[in-house]
Amino acid sequence: SGKAWLVVTASTPKSAVAVLKFHNYEDDVKLRAECQRWKDVYPDDISANVSVNIWAGSLALLMPHFGSVPEAERDSLKDSVRALLTVTFGTNYFHGDVRWRNIGRVRGAETATAVLFDLESVVRYDAQETGHVGWVDRAMAYLYPASTSTHGGALVDGMTRLSVS
């Protein structure tokens, strides 16, 4: 639905890294809704600087940048990913695009913590709705398959089924 650009400042002594997301159709409503989801879902230390602004003459969502999770390190984040999906999203929000390309990590002093981005596909739901029951378990099964196969192949199909069940 758009393009995302990595932006880096050249300031000293420490530069900053962020992501600018431009919607293909300059959809103000979608960009502002995604911005609000960041603020609803994540605490201020992650979402404080998320905003919608004009960049190079177009509307864009400014978001934090998180390092991707190398395949060799994914197992070490399993508990953090489950907590993220269960606690942060699972009770009020459904993320219909849980893929490794949308999972990053925030490195803290003691542990690496998972963060899920690309919040455009996140919808709020009532815990009584049955359509989203079990989505966290299905997402975890997809991210951490019991077999030793790679994380490729039916990625889109698996998530499509997840979002319509």
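Here the structure is a predicted model, which is why all the values come from computation and not from measurement.

Caption draft 1: Main features of the environment of P64. On the secondary structure map, P64 appears in strand 4 (residues 58-64). The exposure class assigned to P64 is partly exposed, which follows from its relative accessible area of 23%. Considering only alpha carbons, one finds P64 and V7, 57 residues apart in sequence, at a separation of 10.0 Å. Ignoring anything within four residues of it in the chain, the contact list for P64 reads V19, W38, I46 and V50.

Caption draft 2: Here's a closer look at the environment of A48. Mapping A48 onto the fold places it in the loop between helix 2 (44-47) and strand 3 (51-55). Sequence separation of A48 and W38 is 10 residues, and the distance between their C-alpha atoms is 8.9 Å.

Caption draft 3: Region of interest: the pattern of salt bridges. Going through the model one piece at a time under the given rule, you end up with 8 salt bridges. In this structure, E34 engages K21 in a salt bridge whose closest nitrogen and oxygen atoms are separated by 2.8 Å. Taken together, the residues E34 in helix 1 (residues 28-41) and K21 in strand 2 (residues 17-23) connect sequence positions 13 residues apart. Comparing E34 with K21 shows no difference in burial state: the two are buried.

Caption draft 4: Structural view of the sheet that holds strand 1 (residues 2-8). Here we have 4 strands laid out as an open sheet, ordered 1-2-4-3, and antiparallel in their pairing. Two strands in the sheet have a free side with no partner beyond their single neighbour: strand 1 and strand 3. Direction aside, the axes of adjacent strands within the sheet are offset by 35° on average. One ladder, built from 7 bridges, connects strand 1 with strand 2; its direction is antiparallel. The residue bridging V8 from the neighbouring strand is V17, located in strand 2. Together, strand 2, strand 3 and strand 4 form the strand contacts of helix 1, whose direction differs from that of strand 4 by roughly 15°.

Each value, and the rule that gives it
Residues numbered from 1 in each chain as written. Predicted model: local features only at pLDDT ≥ 70, side-chain atom pairs only at ≥ 80, totals over all residues. Heavy atoms only, no water. Helix = DSSP H or I, 4+ residues; strand = E, 2+ residues; numbered from the N terminus. Buried < 20%, exposed > 50% of the residue type's maximum accessible area, 1.4 Å probe, protein only. Contact = heavy atoms within 4.5 Å. Salt bridge = Lys/Arg side-chain N within 4 Å of Asp/Glu carboxyl O. Pairing = 2+ DSSP bridges. Axes fitted to C-alpha atoms, helices over the stretch in contact; angles between N-to-C directions.

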